[in-house]
Protein chains: 2
Amino acid sequence: MSVSFPTSDLTAALRITEGPVDLSAIETDVAPGFDGDKEDGKAALFAMGAELADLQERLFAQGVAGGTRNILLVLQGMDTSGKGGTLRSTVGLVDPQGVRITSFKAPTEEERAHDFLWRITRALPPVGVIGVFDRSHYEDVLIARVRELAPAEEIERRYEAITAWEADLAARGTTIIKCMLHISAEEQKERLLARLEKPEKHWKYNVGDLEERKLWPAYQEAYEIAIGRTATEAAPWHVIPADRKWYRNLAIGSLLHEALVAMDLTWPKADFDVEEQKRLLAEEKPPV
Amino acid sequence: MSVSFPTSDLTAALRITEGPVDLSAIETDVAPGFDGDKEDGKAALFAMGAELADLQERLFAQGVAGGTRNILLVLQGMDTSGKGGTLRSTVGLVDPQGVRITSFKAPTEEERAHDFLWRITRALPPVGVIGVFDRSHYEDVLIARVRELAPAEEIERRYEAITAWEADLAARGTTIIKCMLHISAEEQKERLLARLEKPEKHWKYNVGDLEERKLWPAYQEAYEIAIGRTATEAAPWHVIPADRKWYRNLAIGSLLHEALVAMDLTWPKADFDVEEQKRLLAEEKPPV
């Protein structure tokens, strides 16, 4: 195959715009919508890089020139599913000035004193910028549900609140791309063991990871409910088979590319007289 | 020459730890401390990339593990001097998760209601992170002085305030790297004309740029005073000849590399029993 990069076949294969969702029916070590192997996938992402960077700069330029649009990429997934690797390999392809990454940890005391969407709203990207959430408001219906960090009726309320909040965000010009990096429990085990084997990876390991892992089925169920309840046309989910890192990276790159292309981004027109400025600059006395 | 990258010769040639400073005596189209041409310079920066990324990950890992150190890279320079290009070409070499870029614009009403260091302090990077300021608190003694945005005695106070604030920051674990991207007025003219020639660059052009340009000598004087008054061992300045973009990028990369190497960054030791975790993981019942 050629190294031209895929878009619509791949992204269409991943998109979910309504529930219900059965994660057990979605394989984790496959490459839907892409008719190539690992080398092809890496070549396709590489081929996409220059165009992604160009499109991102156009989005940024429009932001400077008074545009209203931006992108919010939401990354969710179990530990070791590759949220960080995706950021390095895919988001790293564009100008870092045009990207704002927020990693959400357990909420602080101040954050807990507000509604769960308060800290999320504060982290939204400005116009022209690609915002990336490494974990997100979905933790408030995932770990919050599994660990019973909030009453059941509050969790219930949150699905509705999220859907309304995202619909409003989309209506105001944000393209929302929600992704679950979908790995198998077996793949997670291998990745955790790999972290233990390498001293330079020990800092990524937490003893709490094993406790969380015991709750794997409860987390899968929480993801199914969250995705099913919040997948909409305005803010679709994408369940990305993520056992293969190259496919995961290609998928995220393709989703960003598709979103940028759909914006039909032209360079902003000059709001000044270009010829006059050229003349003034040519005629000026040397300033030094 | 080989593609091994330079550090100490180049960075030593740029470092300023005390005033006074005469900018007119520092050429803008030279490559101090580097004994190669453009191709050599690009190769050297490329060769540095993997090591920069490795060192940055160690810094980040130490931050996660309770470290206290980080880096603050301050970029100053006249319009078109290449602050943005530096970010793309050099800061883009490391994991975007470990970088926090802040572009300072004219202060908002809320910011103006506070001391000038208020918004700067809020933008400081957390431990383990490389913070980059695209413009900075130095605008409060540069444009503020040239445009008389504050009384002379307030500007005078700010040099002292900056020096004390930076010394405290350095004492608490931040390596401060202050850079002035030093271009000639002639080079700026060419770059402004180039922006006018290309429709895809018009968004970067402001008609106010020509007005600022008329104040070139006043800005150079303001830079000389600011650098001279705030260059210290704890927070040195680097005047980087920036007419040659490849040298500018190599210089910033070398300064970051030198700062990271000086931290002697080891991977954090595991704070848990690695063998026990391996055993628990091997013995666990499948979670699904």
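The structure we're discussing is the one just above.
None of these values were measured; they are calculated from a predicted model.

**Overview of the pairing of strand 6 (residues 237–241) of chain A**
Residue and element names in this part refer to chain A.
Here comes step 1: Among the 5 residues that make up strand 6, 5 are buried, leaving the element largely enclosed by the rest of the structure.
Here comes step 2: Taking every second residue as pointing to the same face, both faces of strand 6 are buried, with Trp237, Val239 and Pro241 on one and His238 and Ile240 on the other.
Here comes step 3: Where strand 1 (residues 15–16) and strand 6 come together, 2 bridges link them in antiparallel fashion. Bridge pairing in strand 6 links Arg15 to His238.
Here comes step 4: For strand 5 (residues 174–182) and strand 6, the ladder comprises 5 bridges, and the chain directions are parallel.

**Thoughts on the environment of B:Arg191**
All names here are of chain B.
Here comes step 1: Here Arg191 shows up in helix 8 (residues 185–197).
Here comes step 2: Spatially, the C-alpha atom of Arg191 lies 40 Å from that of Ala61, the residues being 130 residues apart in sequence.
Here comes step 3: Not counting the four nearest positions on each side in its chain, Arg191 is found in contact with Thr80, Ser81, Gly82, Ile183, Ala242, Asp243, Lys245 and Arg248.
Here comes step 4: Polar side-chain contacts of Arg191 include one of 2.8 Å to the backbone oxygen of Thr80.

**So, the interface of chain A and chain B**
Where the parts come together, the accessible area they lose is often given as the size of the interface.
Here comes step 1: In this assembly, 44 residues from chain A lie in contact with 44 residues from chain B.
Here comes step 2: Roughly 4,100 Å² of surface becomes buried between chain A and chain B when both sides are summed, with 69% attributable to carbon and sulfur atoms.
Here comes step 3: Between chain A and chain B we count 6 salt bridges in total.
Here comes step 4: Where B:Arg88 meets A:Asp95, a salt bridge forms, and the shortest distance between an N and an O atom there is 2.9 Å.
Here comes step 5: Put simply, chain A and chain B have 12 residue pairs in polar contact (both at pLDDT 80 or more) between them.

**A closer look at empty space enclosed by the protein**
Here comes step 1: Considering all chains together, one arrives at 1 cavity of 30 Å³ or more under this definition.
Here comes step 2: Size it by volume and the largest cavity reaches roughly 60 Å³.
Here comes step 3: Lining the largest cavity are A:Val91, A:Gly92, A:Val94, A:Pro96, A:Val99, B:Gly92, B:Val94 and B:Pro96.
Here comes step 4: For the lining of the largest cavity, the per-class residue count stands at 6 nonpolar, 2 polar and no charged.

**Notes on the packing of aromatic side chains**
Here comes step 1: Throughout the structure, instances matching the rule amount to 12 aromatic pairs over all chains.
Here comes step 2: Consider the rings of A:Tyr205 and B:Phe272, whose centres lie 5.0 Å apart with planes at 40°: the pair is tilted. Taken together, the residues span two chains, with A:Tyr205 in the loop between helix 8 (185–197) and helix 9 (208–214) and B:Phe272 in the loop between helix 11 (245–262) and helix 12 (274–283). Each member of the pair, A:Tyr205 as well as B:Phe272, is classed as buried.
Here comes step 3: Taking the centre distance of 4.8 Å and the plane angle of 70° together, the rings of B:Tyr138 and B:Trp237 count as edge-to-face.

**Things to note about the relation of the copies chain A and chain B**
Between the two chain copies there is a screw-like relation: a rotation about an axis and a shift along it.
Here comes step 1: When chain A is fitted to chain B, the residual RMSD is 0.0 Å, and the transformation amounts to a turn of 180° plus an axial shift of 0.0 Å. In short, the pair behaves as if placed about a two-fold rotation axis.
Here comes step 2: With an isologous cut-off of 70% or more, the 100% of interface residues of chain A that recur at the interface of chain B puts this contact in the isologous class.

**Some words on the side chain of B:Asn249**
Residue and element names in this part refer to chain B.
Here comes step 1: Structurally, Asn249 can be placed in helix 11.
Here comes step 2: Taking relative accessible area as the criterion, Asn249 reaches 9% and is therefore assigned buried.
Here comes step 3: Within the structure, the side chain of Asn249 is placed 3.0 Å from the side chain of Arg248, a separation counted as a polar contact.
Here comes step 4: Look past the residues within four positions of Asn249 in its chain and what remains in contact with it is Leu45, Gly85, Thr86, Ser89 and Thr90.

**Notes on the pattern of salt bridges**
Here comes step 1: According to the stated counting rule, one finds 42 salt bridges over all chains in the structure shown.
Here comes step 2: B:Glu275 serves as the salt-bridge partner of B:Lys278, at 3.4 Å between the closest nitrogen and oxygen. Of this pair, B:Lys278 and B:Glu275 both sit in helix 12, separated by 3 residues, roughly a single helical turn.
Here comes step 3: When its relative accessible area of 18% is taken as the criterion, B:Lys278 is described as buried.
Here comes step 4: Judged by its relative accessible area of 52%, B:Glu275 is exposed.
Here comes step 5: What emerges from the salt-bridge pattern is a single network uniting A:Asp115, A:Glu154, A:Arg157 and A:Arg158.

**Describing the packing of helix 2 (residues 38–64) of chain B against helix 11 of chain B**
A pair of packed helices is captured by two measures, namely the crossing angle of their axes and the spacing between those axes.
Residues and elements named next belong to chain B.
Here comes step 1: Orientation of helix 2 relative to helix 11, taken along the N-to-C sense of each, is 30°, at an axis distance of 9 Å. When the interaxial angle is binned, helix 2 and helix 11 end up roughly parallel. Both helix 2 and helix 11 take part in a crossing whose hand is left-handed. On helix 11, the residues touching Lys38, Gly41, Lys42, Ala44, Leu45, Met48, Glu51, Leu52, Leu55, Gln56 and Leu59 of helix 2 are Trp246, Asn249, Leu250, Gly253, Ser254, Leu256, His257, Leu260 and Val261.
Here comes step 2: Within the contact of helix 2 with helix 11, the residues separate by chemical class into 11 nonpolar, 6 polar and 3 charged.

**Topic: the packing of helix 7 (residues 152–171) of chain B against helix 10 (residues 216–230) of chain B**
Residue and element names in this part refer to chain B.
Here comes step 1: Helix 10 packs onto helix 7 with a crossing angle of 40° between their chain directions and a minimal axis gap of 9 Å. As judged from the angle between their axes, helix 7 and helix 10 are oblique. In this structure, helix 7 meets helix 10 at a crossing whose hand is right-handed. Mapping the contact onto sequence places Glu156, Tyr159, Glu160, Ile162, Thr163 and Glu166 in helix 7 and Ile225, Ala226, Arg229 and Thr230 in helix 10.
Here comes step 2: Taken together, the residues that form the contact of helix 7 with helix 10 break down as 4 nonpolar, 2 polar and 4 charged.

**Regarding the environment of A:Thr86**
Residue and element names in this part refer to chain A.
Here comes step 1: Counting through the fold element by element, Thr86 comes out in helix 3 (residues 83–89).
Here comes step 2: For Thr86, a relative accessible area of 0% puts it in the buried group.
Here comes step 3: The spacing of Thr86 and Lys245 is 159 residues in sequence and 8.3 Å in space, taken between C-alpha atoms.
Here comes step 4: Not counting chain neighbours up to four residues away, the residues in contact with Thr86 comprise Leu75, Val91, Leu181, Arg248, Asn249 and Ile252.

Thresholds, definitions, all that
- Residues numbered from 1 in each chain as written.
- Chains lettered and ligands numbered in written order.
- Predicted model: local features only at pLDDT ≥ 70, side-chain atom pairs only at ≥ 80, totals over all residues.
- Heavy atoms only, no water.
- Buried < 20%, exposed > 50% of the residue type's maximum accessible area, 1.4 Å probe, protein only.
- Helix = DSSP H or I, 4+ residues; strand = E, 2+ residues; numbered from the N terminus.
- Pairing = 2+ DSSP bridges.
- Contact = heavy atoms within 4.5 Å.
- Polar contact = N/O pair within 3.5 Å; in protein donor to acceptor, adjacent residues only side chain to side chain.
- Buried area = accessible area lost by both parts, 1.4 Å probe.
- Salt bridge = Lys/Arg side-chain N within 4 Å of Asp/Glu carboxyl O.
- 1 Å grid on protein atoms, 1.4 Å probe; cavity = no way out; pocket = protein on both sides within 12 Å on 5 of 7 lines; lining within 4 Å.
- Points joined across faces, edges and corners; volume = space filled by probe spheres on them.
- Nonpolar A, V, L, I, M, F, W, Y, C, P; charged D, E, K, R; others polar.
- Phe/Tyr/Trp six-rings, centres within 6.5 Å; stacked < 30°, edge-to-face > 60°.
- Least-squares fit on C-alpha atoms with pLDDT ≥ 70 in both.
- Axes fitted to C-alpha atoms, helices over the stretch in contact; angles between N-to-C directions.
- Parallel < 35°, antiparallel > 145°, perpendicular 65-115°, else oblique.
- Left-handed = near helix turned anticlockwise from the far one by under 90°.

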